[in-house]
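In case you want the letters, here they are:
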Amino acid sequence: MVLEGISSRHILGIPHAKKIVGLSLFAQKHNSLLSKKLETDILLRFGVTTQISDAVQTVGIANSDVFAIIAIGKKPSLDGLYKFLEPFLTRVSFENNSGVIQKQFKITKKHLDSVDSKAPLEDILAEKAAVLIR
């Protein structure tokens with residue numbers, strides 16, 4: 001099982017998280033991870049950087065009260081993890097994160113307006129995460 005914690009302030013929502021994790025899984029399948037471990041690759045892609053220390057500081061859970069756990073594994077293991085963690089879990093709203101994310105990654109309104117998409121910020125972040133070079 002692979003686990004990674006990400007500050008919830010740096011997630012736009014479930015579709016955004018799925019895109020970033022999908023990029024890391026694709027990279028793993030094609031032997032092009034940004035680091036030796038899948039969980040570190042996920043952290044780097046959410047942080048839009050190739051520097052682990054920068055990613056930990058930007059999107060890591062050390063400085064965050066509320067965080068999301070990304071878990072990848074076989075369904076029985078994931079079900080067991082959920083059952084164990086369920087009493088400690090709270091629902092998180094990602095609705096107000098776009099401003100924080102835009103500021104963090106210097107994405108302007110002009111940049112957003114240039115993207116023809118229903119979710120331009122999400123697509124810009126996925127593109128930035130996809131083009132990181134190891």
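Structure: see above.
From a predicted model like this one, the values you see are computed outputs, not experimental measurements. (Residues numbered from 1 in each chain as written. Predicted model: local features only at pLDDT ≥ 70, side-chain atom pairs only at ≥ 80, totals over all residues. Heavy atoms only, no water.)

1. With respect to the overall build of the chain
Along the chain, the regular secondary structure elements total seven helices and two strands. Here the C-alpha atoms of the chain give a radius of gyration of 15 Å, agreeing with the 14 Å that 2.2 N^0.38 yields for 134 residues. For the chain, the spread of C-alpha atoms along the principal axes amounts to about 45 × 35 × 30 Å. Counting all 134 residues of the chain, 37% fall into the buried class. When the accessible surface of the chain is totalled, it reaches about 8800 Å², and 55% of it is carbon and sulfur. With 18 positive and 13 negative side-chain charges, the chain shows a spacing of 3 Å between the two charge centroids. (Helix = DSSP H or I, 4+ residues; strand = E, 2+ residues; numbered from the N terminus. Rg over C-alpha atoms; globule rule 2.2 N^0.38 Å. Buried < 20%, exposed > 50% of the residue type's maximum accessible area, 1.4 Å probe, protein only. Areas by Shrake-Rupley, 256 points an atom, 1.4 Å probe, with all protein chains shown as cover. Lys, Arg positive; Asp, Glu negative; His and termini not counted. Charge placed at Lys NZ, Arg CZ, Asp CG, Glu CD.)

2. Focus on the pattern of salt bridges
Tallied over the full model, the rule gives five salt bridges. For Lys19, the salt bridge identified is with Glu122, shortest N-O distance 3.0 Å. One end of the pair, Lys19, is in helix H1 (residues 14–29); the other, Glu122, is in helix H7 (residues 120–130), with 103 residues separating them in the sequence. Classification of Glu122 by relative accessible area gives buried; the value is 13%. Across the salt bridge formed by Asp79 and Lys75, the nearest N and O atoms sit 3.2 Å from each other. Of this pair, Asp79 and Lys75 both sit in helix H4 (residues 75–85), separated by four residues, roughly a single helical turn. Overall, Asp79 belongs to the partly exposed group, its relative accessible area being 41%. One continuous salt-bridge network, built from bridges that share partners, spans Lys19, Glu122 and Asp123. (Salt bridge = Lys/Arg side-chain N within 4 Å of Asp/Glu carboxyl O.)

3. Looking at H7
Turning to H7, its buried residues number three or more, namely Leu121, Glu122, Ile124, Leu125, Ala126 and Ala129. Elements in contact with the buried residues of H7: H1, helix H2 (38–47), helix H5 (98–104) and helix H6 (109–113). (Contact = heavy atoms within 4.5 Å.)

4. Comments concerning the packing of H1 against H7
Two numbers describe how H1 lies on H7: the axes approach to 10 Å, and their chain directions differ by 15 degrees. Taken together, the axis directions place H1 and H7 in an arrangement best described as roughly parallel. Our pair here, H1 against H7, has a crossing hand that is right-handed. Note on element contacts: H7 touches H1 through Glu122, Asp123, Leu125, Ala126, Ala129 and Ala130, opposite Pro15, His16, Lys19, Ile20 and Leu23. Broken down by class, the residue content of the contact of H1 with H7 amounts to seven nonpolar, one polar and three charged. (Axes fitted to C-alpha atoms, helices over the stretch in contact; angles between N-to-C directions. Parallel < 35°, antiparallel > 145°, perpendicular 65-115°, else oblique. Left-handed = near helix turned anticlockwise from the far one by under 90°. Nonpolar A, V, L, I, M, F, W, Y, C, P; charged D, E, K, R; others polar.)

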